[in-house]
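Examining the three-dimensional arrangement
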Amino acid sequence: MQSINQHIATVLKRERKRKGWSLDTTAEATGVSKAMLGQIEREESSPTIATLWKIATGMSLSFTSLVTDTSDGPLPILLHEAGQSRAPMPEDSLGVEILFPYDPLMGFEYMELTLPARVEHLSEPHESGVVEHVVVIKGKLEILHGNEWIKLKKGDALRFAADEPHGYRNTSQKPVIFHNVIRYPHKG
Ligand code: MN
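All of the points below concern the structure found in this document.

Conventions we followed
- Residues numbered from 1 in each chain as written.
- Predicted model: local features only at pLDDT ≥ 70, side-chain atom pairs only at ≥ 80, totals over all residues.
- Heavy atoms only, no water.
- Donors = N, O, S within 2.8 Å, 3.2 Å for Na, K, Ca; no water.
- Helix = DSSP H or I, 4+ residues; strand = E, 2+ residues; numbered from the N terminus.
- Buried < 20%, exposed > 50% of the residue type's maximum accessible area, 1.4 Å probe, protein only.
- Pairing = 2+ DSSP bridges.

Considerations on the coordination of the manganese ion
For the manganese ion, the full set of protein donor atoms is H126 (NE2), E132 (OE), H166 (NE2) and Y168 (OH), at a range of 2.1 to 2.5 Å. Counting residues between consecutive donors of the manganese ion along the chain gives the motif H-x5-E-x33-H-x1-Y. Of the two residues, H126 is situated in the loop between strand 3 (119–123) and strand 4 (131–138) and Y168 in strand 8 (residues 166–170); the sequence distance between them amounts to 42 residues. Judged by its relative accessible area of 5%, Y168 falls in the buried class.

Examining the pairing of strand 5 (residues 141–145)
Within strand 5, four of the five residues are buried, which leaves it mostly tucked inside the rest of the structure. As paired elements, strand 5 and strand 6 (residues 148–152) share five bridges and run antiparallel to each other. Looking at the pairing, I143 lines up with I150 of strand 6. Between strand 5 and strand 6, which follow one another and run antiparallel, lie two residues, and G146 among them has a positive phi close to 65°. Two strands pair when backbone bridges link them, and strand 5 and strand 8 are joined in this way by four bridges, in the antiparallel orientation. From the neighbouring strand, L144 faces strand 8, where its bridge partner is G167.

Coordinates in, geometry out; function isn't part of it.
See the structure below:
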């Protein structure tokens, strides 16, 4: 069983090779510095969630295929007991809990995201055709789509094309928890 950092390094190196990308090209596509990418590949650095999102998005990967090993075979039965596998939430950045990792047969990944009070997370466009489905579980959330911040409250659901710049922010004083189903176009 590989550690998370080992897995990320393996995927990054494999995908770079598959695309024929140098570290320079990868840095340009992801917005992550060449030095940082090198450290990640040598397992010398634990990348932040924000950095992982940049790498996944810039390389047209699902978030989960970057951070978890999904090669165990298709459609395992998954059971998450709420709260049991929750990582401690960072106080100043986006927290991610993967509920259902990306599976090519299903074409989506399903995660629970937490934004602490007064935190904003912006995302570069995902690959063409990616769609996000957001449902607010607790608290208040705003989603940036186009030039507009759309206000959502508990129970509200929003679907949007995520192949353009978008963002998530919490302007309140309490954390917001929301679910996000990210659907990727079928890869040929
Ligand atoms: Mn996104």
